[in-house]
Amino acid sequence: MRNLFSLLLLISVSLLTTASAVPQSPAVTTDTCNVNDRLDDSTCLQNALTSLQPGQILQLQAGTYFHSKQLFVTAKNNVVIQGNNTTLLATHDKDQALTIQDSTNVRVTGLHVTSQANKRDQADRSSGLLVYRSNGVELDNNHIEFSSGAGIHISQSYRGWE
């Protein structure tokens, strides 16, 4: 009975945490990015991430985005980054592909995060996804590969991990 109560409590807390990250504002898209062209999409992707407002979803197009710079989700609250058969391919060799920092209730779902294997092997222990000083972050249905460090690195963060 005690285990059943603990399980019900855990489910309730998970639902409350996830519900707080459900967006209600119009979606942001990456329609201006040239997906699959093997050109650098760093600026386009970062602009889309920076423009996110509380309650919005960033809907990434299907395909591969090539980026030569680390991407940041900084000081964002209650946003979703949603892939749809989407690959983020890091062409830089010494940084994380995507960093979430100083944020609350961010959900990242449906991404394939990878890098150029020949460069990533020489990197300084970089991660595919870095979550730093954030809470209530949900990482769901993502695939990370060719990371020289932890695929997902979590530091100084708490609450809501799944």
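Up top is the structure these notes are about.
Residues numbered from 1 in each chain as written. Predicted model: local features only at pLDDT ≥ 70, side-chain atom pairs only at ≥ 80, totals over all residues. Heavy atoms only, no water.

Caption draft 1: How the structure looks around the pattern of salt bridges. Evaluation of the coordinates by the stated rule reveals 3 salt bridges. Its salt-bridge partner being arginine 107, residue aspartate 140 comes within 2.6 Å of it at the nearest N-O pair. One end of the pair, aspartate 140, is in strand E9 (residues 138-140); the other, arginine 107, is in strand E7 (residues 104-115), and 33 residues separate them in sequence. Given the relative accessible area of 27%, aspartate 140 is considered partly exposed. Taken together, the shared-partner salt bridges connect Arg107, Glu138 and Asp140 into one network. (Salt bridge = Lys/Arg side-chain N within 4 Å of Asp/Glu carboxyl O. Helix = DSSP H or I, 4+ residues; strand = E, 2+ residues; numbered from the N terminus. Buried < 20%, exposed > 50% of the residue type's maximum accessible area, 1.4 Å probe, protein only.)

Caption draft 2: Spotlight on the pairing of strand E6 (residues 98-101). Residues Leu98 and Ile100 point to one face of E6 and Thr99 and Gln101 to the other, with burial holding for every one of them. As paired strands, strand E4 (residues 71-74) and E6 are joined by 4 bridges and run parallel to one another. The residue of E6 that forms the bridge with threonine 74 is glutamine 101. Alignment of E6 against strand E8 (residues 129-132), held across 4 bridges, turns out to be parallel. Counterpart to isoleucine 100 in the pairing with E8 is valine 131. (Pairing = 2+ DSSP bridges.)

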